[in-house]
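Notes for the structure review
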Amino acid sequence: APSTAAPGFAEFLEQSLLAMARAPSVFASAALRPAPAFGAIAGLALGSGITAFALNLTHGVILNPGFLQHFTPFILAAVGAAALALYAGLLILLAALLYGLGRVLGGAGGFDRALQAAAALSLMAPLQALCNWFAAAWVLPAMLAAWVAAGALEGLFKVKPQLARAACALLACAAVGLQFAGRAFLEGAAQAYSAAQ
């Protein structure tokens, strides 16, 4: 018989990985069980954030081998802590957005389900960091995130598929636009810094 207990960390990680390919059915099955405990949700989200930070730092060192020499270990630790705090805040905002969308689009589900979906989506952070290493690949995680988020709205909040997919597609387009603007700004700032040097 299917388990009726909340998934632990390992099972929740497996569910979240499977959701990248089969989001609607994975979340529909997850809705039949209690949401994961806060420890499992926080563990997955924190692990994703640390992995993403490490990948971004490694990428920075590869592009600029002397990069870390400009900072003391204390400054690096402070920057890492600040980045993780910002990341945690963004995940809470994402959970609130998913909860609000689920309600506005006619679904039903508690905030614990929104936290479950946001933690599953946190796997996009290391994927985004990895895709940043390759030209034009940076747009792919936003598209995949839209698919997973729509599946979460369908499965966990019982939102109609057409509404969930349309809303998440619009959000993905907005995310890609913001990323494009941010990357253009950073590239311009880097060029200006190089010219000043």
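Computed from a prediction, not measured in an experiment: that's the story for all the values here.

Definitions and cut-offs
Residues numbered from 1 in each chain as written. Predicted model: local features only at pLDDT ≥ 70, side-chain atom pairs only at ≥ 80, totals over all residues. Heavy atoms only, no water. Helix = DSSP H or I, 4+ residues; strand = E, 2+ residues; numbered from the N terminus. Buried < 20%, exposed > 50% of the residue type's maximum accessible area, 1.4 Å probe, protein only. Areas by Shrake-Rupley, 256 points an atom, 1.4 Å probe, with all protein chains shown as cover. Lys, Arg positive; Asp, Glu negative; His and termini not counted. Charge placed at Lys NZ, Arg CZ, Asp CG, Glu CD. Phe/Tyr/Trp six-rings, centres within 6.5 Å; stacked < 30°, edge-to-face > 60°. Salt bridge = Lys/Arg side-chain N within 4 Å of Asp/Glu carboxyl O. Patch = residues over 30% accessible without salt bridge, like charges linked within 9 Å, V, L, I, M, F, W, Y side chains within 5 Å. Core = buried A, V, L, I, M, F, W, Y, C linked by side-chain atoms within 4.5 Å. Contact = heavy atoms within 4.5 Å. Axes fitted to C-alpha atoms, helices over the stretch in contact; angles between N-to-C directions. Parallel < 35°, antiparallel > 145°, perpendicular 65-115°, else oblique. Nonpolar A, V, L, I, M, F, W, Y, C, P; charged D, E, K, R; others polar.

Before going further, it helps to examine the overall build of the chain. Within the chain, the regular secondary structure consists of seven helices and zero strands. Sequence-ordered secondary structure for the chain, helices as α and strands as β, is α-α-α-α-α-α-α. Within the chain, buried positions represent 34% of all 197 residues. Here the chain has roughly 10,900 Å² of accessible surface; of this, 75% comes from carbon and sulfur atoms. Computed over 8 positive and 5 negative side-chain charges, the separation of the two mean positions in the chain equals 9 Å.

This part is about the packing of aromatic side chains. Taken as a whole and assessed by the stated rule, the structure comprises one aromatic pair. An angle of 75° between the planes, with centres 5.8 Å apart, marks the rings of Y99 and F111 as edge-to-face. Taken together, the residues span a long stretch of sequence, with Y99 in helix α3 (residues 73-104) and F111 in helix α4 (residues 111-121) at a distance of twelve residues. On the basis of relative accessibility, which here comes to 34%, the residue F111 falls in the partly exposed class.

In this fold, Q162 is placed in helix α7 (residues 161-196). The exposure class assigned to Q162 is exposed, which follows from its relative accessible area of 60%. Remark: the alpha-carbon pair of Q162 and A81, spanning 81 residues in sequence, is separated by 39 Å.

What follows deals with the pattern of salt bridges. When the charged atoms of two side chains lie near each other, side chains of opposite charge can form a pair. For the coordinates displayed, the defined rule picks out two salt bridges. Note that R33 is salt-bridged to E11, the shortest N-O span being 2.5 Å. Of this pair, R33 sits in the loop between α1 (9-30) and α2 (38-63) while E11 sits in helix α1, and the two are 22 residues apart along the sequence. For E154, the salt bridge is made with R165, and the minimal N-O distance between the two is 2.9 Å. A residue pair is termed long-range when its members are at least 10 positions apart, and E154 in helix α6 (residues 140-157) and R165 in helix α7 qualify at eleven residues. When its relative accessible area of 11% is taken as the criterion, E154 is described as buried.

Here we take up a nonpolar patch on the surface. A contiguous nonpolar patch, built from F53, F71, F74, I75 and V79 and spanning about 470 Å² of accessible area, is present on the exposed surface. The class for F53 is partly exposed, based on a relative accessible area of 30%.

Within the fold, G106 resides in the loop between α3 and α4. Looking at G106, the relative accessible area reads 61%, which means it is exposed. A sequence separation of 57 residues divides G106 from L163, and the C-alpha atoms of the two residues are 9.4 Å apart.

The next thing to look at is the nonpolar core. Formed by 35 residues in total, the largest nonpolar core has its most connected members in F27, L121, L153 and L156. Of all the secondary-structure elements, those providing two or more residues to this core are α1, α2, α3, α4, α6 and α7. Looking at which element gives the most residues to this core, the answer is α6, with nine residues. Sequence-distant contacts of L153, defined by excluding residues within four places in its chain, comprise L98, L101, G102, K158, V159, A164 and C168.

Our focus in this paragraph is the side chain of Q116. Locating Q116 in the fold gives a position in helix α4. Overall, Q116 belongs to the buried group, its relative accessible area being 1%. Those residues in contact with Q116, other than ones at most four positions away along the chain, are F12, Q15, A30, A35, P36, I41 and L156.

A few words now on the packing of α2 against helix α5 (residues 124-131). The interhelical angle for the contact between α2 and α5, taken along N-to-C directions, is 10°, at an axis separation of 7 Å. In terms of their interaxial angle, α2 and α5 are classed as roughly parallel. Taking contact as the criterion, the partners of S48, T51, A52, L55 and N56 in α2 are, on α5, A125, P126, A129 and L130. Residues belonging to the contact of α2 with α5 are distributed by class as follows: six nonpolar, three polar and no charged.

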